[in-house]
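Structural overview for review
Residues per chain, in single letters:
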Amino acid sequence: MQIGGVGLGRMGSNIARRLMRAGHQVAVFDIDPEAVAKLASEGAQGADSLPALVAALAPPRAFWVMLPAGRITEETVMALAEHAAAGDTIIDGGNTHFKDDIRRAAALRPRGLHYLDVGTSGGVWGLERGYCLMIGGESEVVERLDSIFRALAPGLGEIPRTPRRPDADPRPELGYVHAGPVGAGHFVKMVHNGIEYGLMQAYAEGFDLLRHRASDHLPEEERYRFDLADIAEVWRRGSVISSWLLDLAAAALAKSGELEEFSGVVADSGEGRWTVEAAIAEAVPLNVISAALFARFRSRDELRFADKFLSALRYGFGGHVEPAEKKRGLPHD
């Protein structure tokens, strides 16, 4: 298929590459001409403007927008809508709030334009590992673009298959799911990121506890000096708490046992906040996720080894760089 990609950052550029590897024709645009030229040298068709991107594709067109949530995505979606034609589809693959998806889809519908929200997980590793996709929107549009989603998703891989009912949707075990109508994809991704906060915080606190067991505040016979890299490595093998996050932790600790290259100022993307807000609206207790979010706020005033651990994990899966300065209570990325 043909598809237009807008936004060639860490994930956007690799999404384009993975689609090209699968044989799809990709046209790309970014405000950075060098990013466009780089993808063009690898086989994409470069465009120097949104109108040029639209002109490069045959209708009905599909555009994958991969930009930070907020104003830049809003303006790009609406600018694309000005140049697109009835029957075209705009896909927001970033971390947009699901209520914004509902509003945008309603605004585009009178123009005959389709809108899909796709929660995309995979970070900087998605090019090789594939992307876990959580899709919201009209069923017929999702089905028409199935080959795009299938190319981006990881596929069965080597993960043992779960016994499922014979009529089960085959897509989830390939790594992508049609979660429901507009907004559903980003809602599922929002909860995914909230769970991610909690998992990361649990690992960080556990390793912080191990590290401080050698404290001279404890009786000498109760002090232990653990090799954290060894602990992480052994937990990767046969433990019930093994995970990709633990794999990243083991790699970071093997490189630097004290994680000296990280300051420990931990940013939040905003999705943890949205998850807690949704919990309040639904009257659902979110003890672990809300505590993990508040711990990130605390890291901007008082740093611990656990915060360096969180920074190391965020860099490992997403290439997230620590903020240059502390900004109390505000999302940093």
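First things first, this report covers the structure right here in the doc. (Residues numbered from 1 in each chain as written. Predicted model: local features only at pLDDT ≥ 70, side-chain atom pairs only at ≥ 80, totals over all residues. Heavy atoms only, no water.)

Looking now at the pattern of salt bridges. Counted under the stated rule, the structure contains 19 salt bridges. The closest approach of N and O atoms between E74 and R104, which form a salt bridge, is 2.8 Å. Within this pair, whereas E74 is found in helix α4 (residues 71-83), its partner R104 is found in helix α5 (residues 98-108), the two being separated by 30 residues in sequence. Accessibility expressed as a relative area gives 1% for R104, which makes it buried. In this structure, R103 and D100 form a salt bridge, with 3.2 Å as the shortest nitrogen-oxygen distance. Of this pair, R103 and D100 both sit in helix α5, 3 residues apart, roughly one helical turn. Assessed through its relative accessible area of 28%, D100 is described here as partly exposed. One network of salt bridges, with partners in common, ties together E74, D92, D100, R103 and R104. (Salt bridge = Lys/Arg side-chain N within 4 Å of Asp/Glu carboxyl O. Helix = DSSP H or I, 4+ residues; strand = E, 2+ residues; numbered from the N terminus. Buried < 20%, exposed > 50% of the residue type's maximum accessible area, 1.4 Å probe, protein only.)

Moving on, we come to the environment of L313. Within the secondary structure, L313 sits in helix α14 (residues 305-318). For the pair formed by L313 and A204, sequence separation is 109 residues and the distance between their alpha carbons is 9.3 Å.

To continue, consider the side chain of S290. By the element assignment, S290 lies in helix α13 (residues 287-299). A polar contact of 3.2 Å, which involves the side chain of S290, links it to the backbone oxygen of N287. (Polar contact = N/O pair within 3.5 Å; in protein donor to acceptor, adjacent residues only side chain to side chain.)

Take α4 next. Compared with an ideal rise of 1.5 Å per residue, which puts 13 residues at 18 Å, α4 spans 19 Å between its outermost C-alpha atoms and is within 8% of the ideal. Taken together, the buried positions of α4 are T73, T76, V77, L80 and A81. Down the axis of α4, the smallest arc covering the buried residues is 140°, so these residues share one side. Among the exposed residues of α4, those pointing more than 90 degrees away from its buried face are R71 and E82. (Expected span 1.5 Å × (residues − 1). Arc of directions from axis to C-beta.)

What follows deals with the pairing of strand β2 (residues 25-29). β2 sits mainly inside the fold: 4 of its 5 residues count as buried. Two strands pair when backbone bridges link them, and strand β1 (residues 2-6) and β2 are joined in this way by 5 bridges, in the parallel orientation. The partner of Q2 across the bridge, within β2, is Q25. Crossover handedness for the path β1 to helix α1 (residues 10-21) to β2: right-handed. As a crossover connection, the stretch from β2 through helix α2 (residues 33-41) into strand β3 (residues 45-46) is right-handed. (Pairing = 2+ DSSP bridges. Right-handed = clockwise from strand over helix to strand, strands pointing away.)

Time to look at α14. Look at α14: 20 Å from first C-alpha to last across 14 residues, which is about the 20 Å you get at 1.5 Å a residue. Most of α14 is tucked away, with 12 of its 14 residues classed as buried. For α14, the full list of buried residues reads F305, A306, D307, F309, L310, S311, A312, L313, R314, G316, F317 and G318. Elements in contact with the buried residues of α14: α1, α9 (184-211), α10 (228-235), α11 (244-255) and α13. (Contact = heavy atoms within 4.5 Å.)

Taking burial as the measure, the 5 residues of β1 include 4 buried ones, the bulk of the element. Where β1 and strand β4 (residues 62-65) come together, 3 bridges link them in parallel fashion. Bridged to G4 within β4 is F63.

Core analysis: the biggest nonpolar cluster contains 31 residues, and L19, V28, W64, L133, F149 and L152 have the highest contact counts within it. Secondary structure elements with two or more residues in this core: α1, β2, α2, β4, β6 (114-121), β7 (132-136), α7 (139-144) and α8 (146-152). Sequence-distant contacts of L133, that is, excluding residues within four places in its chain, are made with W64, V118, G119, T120, F149, L152, G175, Y176 and V177. Counting 26 residues, the second largest nonpolar core, distinct from the first, contains M200, A229, A249 and V266. (Core = buried A, V, L, I, M, F, W, Y, C linked by side-chain atoms within 4.5 Å.)

Inspection of the secondary structure puts H178 in strand β8 (residues 176-180). Judged by its relative accessible area of 18%, H178 falls in the buried class. Linking H178 and V118, residues 60 residues apart in sequence, is a C-alpha distance of 9.1 Å. If near-sequence neighbours (up to four positions away) are discounted, H178 is found in contact with I135, G136, G137, E138, S139, V142 and R171. Looking at H178, its side chain comes within polar contact range of the main-chain oxygen of G137, at 2.8 Å.

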